[in-house]
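Residue-level listing of the chains:
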Amino acid sequence: MRESAILLIHCPDRKGIVAAVANFLYGHNGNILHADQHQDAALGLFFMRVEWDLAGFDLDPARFPEAFEPIAREFRMQWRLERSSVRPKAAIFVSRHDHCLADLLYRHRSGELACAVSLVISNHPDARDLAGFYGIAFHHIPVEPGNRETAEEEQLRLLHAHGIDLIVLARYMQVLSPEFVARWPQRIINVHHSFLPAFSGPRPYHRAHERGVKLIGATSHYVTNDLDEGPIIEQDVARVSHRDQLEDLAQKGRDLEKVVLARAVRWHALHRILVYANKTVVFD
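Here's a quick rundown of the structure. Numbering of residues starts from 1 in each chain and follows the order in which that chain's sequence is written. With the structure being a predicted model, the display of local features is reserved for residues of pLDDT at least 70 and the display and counting of side-chain atom pairs for 80 or more, all residues being used for whole-chain, interface and lining totals. Computation of side-chain values covers all heavy atoms of the structure but excludes hydrogens and water.

## Section: the overall build of the protein chain
In this text, helices come from DSSP runs of H or I with a minimum length of four residues, and strands from runs of E with a minimum of two, each type numbered from the N-terminal end. If you tally the helices and strands in the protein chain, you get eight helices and 13 strands. Here the globule rule is a power law, 2.2 Å times the number of residues to the power 0.38, and the radius of gyration is based on C-alpha atoms. The C-alpha atoms of the protein chain give a radius of gyration of 21 Å, which matches the 19 Å a tight globule of 284 residues would have. Along the longest, intermediate and shortest principal axes, the C-alpha atoms of the protein chain span 60 × 40 × 35 Å. Categorising residues by exposure relies on relative accessible area from a 1.4 Å probe, with only protein chains included: less than 20% of the type maximum marks a residue as buried, more than 50% marks it as exposed, and the intermediate range marks it as partly exposed. Within the protein chain, the proportion of its 284 residues that are buried is 48%. Sequence-distant contacts in the protein chain: of pairs separated by 6 or more residues, those separated by 24 or more amount to 67%. Surface accessibility of the protein chain: about 14300 Å² in total, with carbon and sulfur atoms responsible for 50%. When the 33 positive and 36 negative side-chain charges of the protein chain are each reduced to one mean point, those points stand 3 Å apart. Should any heavy atoms of two residues lie within 4.5 Å, those residues are counted as being in contact. To measure how exposed things are, a 1.4 Å probe is used in the Shrake-Rupley method; for residues, cover is taken only from the protein chains shown. Under the convention used here, Asp and Glu are negative, Lys and Arg are positive, and both His and the chain ends fall outside the count. Positions of charges follow a simple convention, taking NZ of Lys, CZ of Arg, CG of Asp or CD of Glu.

Here you go:
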């Protein structure tokens, strides 16, 4: 497969940004494969993702920051450069509900996710056999009210030992400490079993059933210190009716949870997401 580079930019909106970036890449023999952009008129911000073929590109990635700096400075850009050949290393956290884990591991084996799942961490032993079936290391780290700090220390040790870049909470029913979250800003993805901001917090299916909703949903988002308030990456919904009981809602919701979490992981691994103002731009 061809190797490409991906440049993600956001900056104050003004004329000439696209032309400046395109001319820069053309000047170094870059062949643009895909480009997408977005303007937030209310905040006066511009966002761009541009991907180009590295075959024939005459600027070494190590020299890219210095060469690109004059353009970045002129347009007051915040930017980052990624390469398609570099696959982020991911760890999946799970509790007892393993449907999202099973879906992610299958997609990983089939090549749908551009990341390398290195290990599964759980506060219950239930998913050990599932992880073993896919040849992924499984670590059972119990989390009790009196040992949360010790449990997180062990989790952090494993994550650093494996060089983890991305943490996926696949129905991991524990709240991470602010210190833990701060180590992986915008690199922890959670799935919540409701259409946020509706029914945040615990037992959303129970609350949806009590409220008599006609739509249920699921949400994938980046984790912040505010529970279920992080930047939303993807959402989906399914129609329900008065005939659906609590277990019916949960069953239909599980399908939504799998889909929205897999999409979020895929898009993150492909460097298609920019975060700003507690929101995301997800590029095509």
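## Some words on the sheet that holds strand 11 (residues 232–239)
In this analysis, strands are considered paired if DSSP registers two or more bridges between them. Taken in spatial order, the seven strands line up as 7-6-5-8-9-10-11 in an open sheet, and their pairing is mixed. The outermost strands of the open sheet, each flanked by one partner alone, are strand 7 (137–140) and strand 11. Direction aside, neighbouring strands of the sheet carry axes that sit 20° apart on average. Relative to strand 8 (residues 166–169), strand 5 (residues 89–94) runs parallel, the two sharing four bridges. To define axes, lines are fitted to C-alpha atoms, for helices over the stretch in contact only, and angles between the resulting N-to-C directions are given on a 0 to 180 degree scale.

## Re the packing of aromatic side chains
Centre distance within 6.5 Å is the pairing criterion for rings of Phe, Tyr and Trp, where only the six-membered ring of Trp is used; planes under 30 degrees apart are then read as stacked, over 60 as edge-to-face, and the remainder as tilted. Going through the model one piece at a time under the given rule, you end up with 12 aromatic pairs. Ring centres of Phe180 and Trp184 lie 5.7 Å apart, and the angle between their planes is 35°; this geometry places the pair in the tilted category. For Phe180, a relative accessible area of 0% translates into the label buried. For Trp184, a relative accessible area of 3% translates into the label buried. Over the ring of Phe133 we find Arg109, and its NZ or CZ is 5.4 Å from the ring centre. Criterion for a charge above a ring: Arg CZ or Lys NZ at most 6 Å from the ring centre, at most 35 degrees from the ring normal.

## Observations concerning the pairing of strand 3 (residues 45–53)
Where burial is concerned, most of strand 3 is hidden: nine out of the nine residues are buried. Where burial is concerned, the two faces of strand 3 agree: the one with Leu45, Phe47, Arg49, Glu51 and Asp53 and the one with Phe46, Met48, Val50 and Trp52 are both buried. Looking at chain direction, strand 2 (residues 31–40) and strand 3 are connected through nine bridges and run antiparallel. Pairing of Asp36 across the sheet is with Arg49, part of strand 3. Turn length for the strand 2-strand 3 hairpin, with the two strands adjacent in sequence and antiparallel, is four residues, and the turn residue Gly44 shows positive phi of about 65°.

## Details of unusual backbone geometry
The amide bond that connects Leu196 to the next residue, Pro197, takes the cis arrangement and shows omega of 10°. Mapping Pro197 onto the fold places it in the loop between strand 9 (188–192) and helix 7 (204–211). The phi dihedral of Arg171 falls on the positive side, at around 65°, and the residue is not glycine. Along the chain, Arg171 turns up in the loop between strand 8 and helix 6 (178–183). You can call Arg171 buried: its relative accessible area is 7%. Positive phi, normally seen in glycine, also occurs at Gln186, with a value near 55°.

## A word on the side chain of His124
Mapping His124 onto the fold places it in the loop between strand 6 (116–122) and helix 4 (128–133). When its relative accessible area of 19% is taken as the criterion, His124 is described as buried. With near-sequence residues (within four places) excluded, His124 lies in contact with Ser95, Arg96, Phe138 and His140.

## Quick notes on the nonpolar core
What we call a nonpolar core is a set of buried Ala, Val, Leu, Ile, Met, Phe, Trp, Tyr and Cys residues that are connected through their side-chain atoms within 4.5 Å. Counting residues in hydrophobic clusters, the biggest one holds 42 residues, and the most contacted among them are Ile92, Leu101, Leu104, Leu105, Val120, Leu261 and Val265. Among the elements that make up this core, the one with the highest residue count is helix 8 (residues 246–269) (10 residues). Residues contacting Ile92, with those up to four places away along its chain left out, are Leu101, Leu104, Leu105, Val117, Leu119, Val120, Ile121, Val168 and Ala170.

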